[in-house]
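Understanding the architecture of this molecule
So you can see what is in the structure, the chains are spelled out below.
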Amino acid sequence: MARILNYSEESIEYCAEALLNGHLVSFPTETVYGLGANALDASALEKIFLAKGRPKSDPLIVHISSLFQAESLTEMPPFQRQCFDILGKAFWPGPLTLIVKASNIVPRIVTAGGESIAIRIPLGRVVQELLEKANIPIAAPSANRFGHVSPTTAQHVFDDLGSYPDLLILDHSNFCEIGIESTVVKIYEDNRILILRPGSISSLQIKKILEENKIFTEIDIVKRAVKLNKNAIEETSGLDSPGQLLTHYAPSIEAFIIKNDYVNGDFFQTFSRELLGQSVVIDFHSKNKNLEKQALCYLDLSVSGSVSEASRNLFSYLRKAEAIEKSKYILLPNLSFENSEEMGAIFDRIYRAASGKFIQIN
Ligand code: TXA
Ligand code: MG
């Protein structure tokens, strides 16, 4: 069985020791809980994939405590090096992951056999103290069962991975203040930059810092390589980031996005009003408040319309919704018309929780 340990100096020491001995430790970061192992110990890394049920084709983010620690893990050509230093200095510690060329000391299981490594210096007392105490790079995906909603509390981790033997979960209440995962940015050798996963750090912020440092390059944002047909079948070939499958963050019951506007050619299913009694409505800024009375349960990500509050609440509300007795459906808000990139990052998770399925209620 896994064990939850309350944060203290002793528990940090105990967990650092466990990591050095090849065990798994789950810890809170400013984004979500990570499931960590020593990034230089291939057999410890195997356990991450086993515990999560994650395919080995999906590479891991390596967490470090200083820019200096990236030296031995990378072999960056000039453009990568320049951008890495600028962006690292500007945004770390913080919710940004940078992908650059890996050195050959990095076990191939970290890079899923590829040439590049994802690196991040996370923010948050627990993870920083753990990194310092263990004094090793820590590879860590989000600490959920593969494909399930990312965890933002120690209990969420326990609910998904509690049966894994010897797993230690460091608990620090109210710690994942951002609540969605880091922005993942790939820096190519040939002067290109691509955002593989949107997060709270936007392409505009990244572009601005680079331009201040005289780097003028287009920043592309990966488009979902997805075509929906009637059964919401996904096409995921040719993705740059293997973890960017459409069905991700999926709650254990079916989720849909409520369409409020009809654009010609849009595909949606109709959803009978009678099913509202078996549905948990997760709303934003009272958009669908008219459904409150008929719904089995109604939750609002942020009544005041705060993006950061919505981001912090999203994953725990999805988990809350799937756990409500008799709930069969989760109905989510359509935020695709909100034109802030931060909101785009939240809607990315909503879209994937619903596997891109839109409904109209009648
Ligand atoms: O906020 C976060 O990033 C959290 C915390 C724990 O740091 N971690 C996290 O890890 O979300 P994970 O494994 O759940 O998501 C990492 C994403 C995956 O989609 C993975 O495919 C992608 O980053 N990734 C990792 N290494 C990569 C690489 N070398 N090339 C391309 N994509 C990579
Ligand atoms: Mg994940």
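As a starting point, this report considers the structure included with it. Everything quoted here is computed from the prediction, not taken from an experiment. (Residues numbered from 1 in each chain as written. Chains lettered and ligands numbered in written order. Predicted model: local features only at pLDDT ≥ 70, side-chain atom pairs only at ≥ 80, totals over all residues. Heavy atoms only, no water.)

**Topic: the pattern of salt bridges**
- Tallied over the full model, the rule gives 17 salt bridges.
- The network of salt bridges with shared partners includes Glu181, Asp348, Arg349 and Arg352. (Salt bridge = Lys/Arg side-chain N within 4 Å of Asp/Glu carboxyl O.)

**Notes on the sheet that holds strand β7 (residues 138-139)**
- Overall, mixed pairing links the 11 strands, which are arranged β1-β8-β2-β3-β7-β4-β6-β5-β9-β10-β11 in an open sheet. Looking at which strands have only one partner, the edges of the open sheet turn out to be β1 (3-6) and β11 (219-221).
- Where strand β2 (residues 25-28) and strand β8 (residues 168-171) come together, 2 bridges link them in parallel fashion. From the neighbouring strand, valine 25 faces β8, where its bridge partner is leucine 168.
- Running at roughly 165° to strand β5 (residues 96-101), helix α3 (residues 78-91) makes contact with β5, β6 (116-120), β9 (183-187) and β10 (193-197) of the sheet.
- Contacts from helix α7 (residues 203-212) reach β5, β9, β10 and β11 within the one sheet, and its direction differs from that of β11 by about 165°. (Pairing = 2+ DSSP bridges. Helix = DSSP H or I, 4+ residues; strand = E, 2+ residues; numbered from the N terminus. Contact = heavy atoms within 4.5 Å. Axes fitted to C-alpha atoms, helices over the stretch in contact; angles between N-to-C directions.)

**Comments concerning the site of ligand 1**
- The environment of ligand 1 is formed by 25 residues, the closest being Thr31, Asp58, His63, Ser182 and Arg197.
- Within the side chain of arginine 54, one N or O atom sits 3.0 Å away from an oxygen atom of ligand 1.
- If ligand 1 stood free it would expose 680 Å²; the protein chains cover 97% of that surface.
- The element best represented in the shell around ligand 1 is β6, accounting for 3 residues.
- Here the shell around ligand 1 is composed, by residue class, of 10 nonpolar, 9 polar and 6 charged. (Near = heavy atom within 4 Å. Polar contact = N/O pair within 3.5 Å; in protein donor to acceptor, adjacent residues only side chain to side chain. Areas by Shrake-Rupley, 256 points an atom, 1.4 Å probe, with all protein chains shown as cover. Nonpolar A, V, L, I, M, F, W, Y, C, P; charged D, E, K, R; others polar.)

**With respect to the side chain of histidine 63**
- Tracing the backbone through its elements, the reader meets histidine 63 in strand β4 (residues 61-63).
- Note on histidine 63: relative accessible area 5%, which makes it buried.
- Among the polar contacts made by the side chain of histidine 63, one reaches the main-chain carbonyl oxygen of isoleucine 61 at a distance of 3.4 Å.
- If near-sequence neighbours (up to four positions away) are discounted, histidine 63 is found in contact with Arg120, Pro122, Leu131, Pro137, Ile138, Ala139 and Ala140. (Buried < 20%, exposed > 50% of the residue type's maximum accessible area, 1.4 Å probe, protein only.)

**Details of the packing of aromatic side chains**
- With the rule as written, the count across this model stands at 6 aromatic pairs.
- Seen from their ring centres, phenylalanine 271 and tyrosine 329 are 5.4 Å apart, and the 90° between their planes marks the pair as edge-to-face. Remark: tyrosine 329 occurs in strand β16 (residues 329-333) and phenylalanine 271 occurs in strand β13 (residues 269-271); sequence separation between them is 58 residues. Taken individually, phenylalanine 271 and tyrosine 329 each receive the classification buried, so the pair is uniform in this respect.
- The lysine or arginine in question, lysine 357, covers the ring of phenylalanine 256, its NZ or CZ lying 5.2 Å from the ring centre. (Phe/Tyr/Trp six-rings, centres within 6.5 Å; stacked < 30°, edge-to-face > 60°. Lys NZ or Arg CZ within 6 Å of the ring centre and 35° of its normal.)

**Quick look at the sheet that holds strand β12 (residues 254-258)**
- Pairing within the open sheet is parallel, and its 6 strands lie in the order β13-β17-β12-β16-β14-β15. The open sheet has two edge strands with one neighbour each: β13 and β15 (297-300). Geometrically, the sheet is characterised by an average inter-axis angle of 35° between neighbouring strands, direction not taken into account.
- Across 3 bridges, the pairing between strand β14 (residues 279-283) and β16 is parallel. By the bridge assignment, serine 279 is partnered in β16 with tyrosine 329.

**As for the nonpolar core**
- One finds Phe84, Leu96, Ile206 and Leu210 to be the most contacted residues of the largest nonpolar core, which totals 53 residues.
- Ranked by residues supplied to this core, first place goes to α3 with 6 residues.
- When sequence neighbours within four positions are dropped, the list of residues in contact with phenylalanine 84 reads Leu67, Ala70, Met76, Trp92, Leu98, Val100, Ile119 and Ile187.
- If you look at the next biggest cluster of nonpolar residues, it comprises 32 residues, including Tyr249, Cys297, Met343 and Ala345. (Core = buried A, V, L, I, M, F, W, Y, C linked by side-chain atoms within 4.5 Å.)

**Quick look at the pairing of β12**
- Within β12, 4 of the 5 residues are buried, which leaves the element mostly enclosed by the surrounding structure.
- Relative to β16, β12 is paired through 5 bridges, and the arrangement is parallel. Following the sheet pairing, alanine 255 is matched in β16 by isoleucine 330.
- The pairing of β12 with strand β17 (residues 358-361) spans 2 bridges and is classified as parallel. Of the residues in β17, the one forming a bridge with isoleucine 257 is phenylalanine 358.

**Considering the packing of helix α1 (residues 9-20) against helix α5 (residues 125-134)**
- Between α1 and α5, whose axes approach to 9 Å, the crossing angle comes to 55°. Taken together, the axes of α1 and α5 lie oblique to each other. Considering the relative orientation of α1 and α5, their crossing is right-handed. Note on element contacts: α5 touches α1 through Val126, Glu129, Leu130, Lys133 and Ala134, opposite Ile12, Glu13, Cys15, Ala16, Leu19 and Leu20.
- Across the contact of α1 with α5, the residue classes break down as 8 nonpolar, no polar and 3 charged. (Parallel < 35°, antiparallel > 145°, perpendicular 65-115°, else oblique. Left-handed = near helix turned anticlockwise from the far one by under 90°.)

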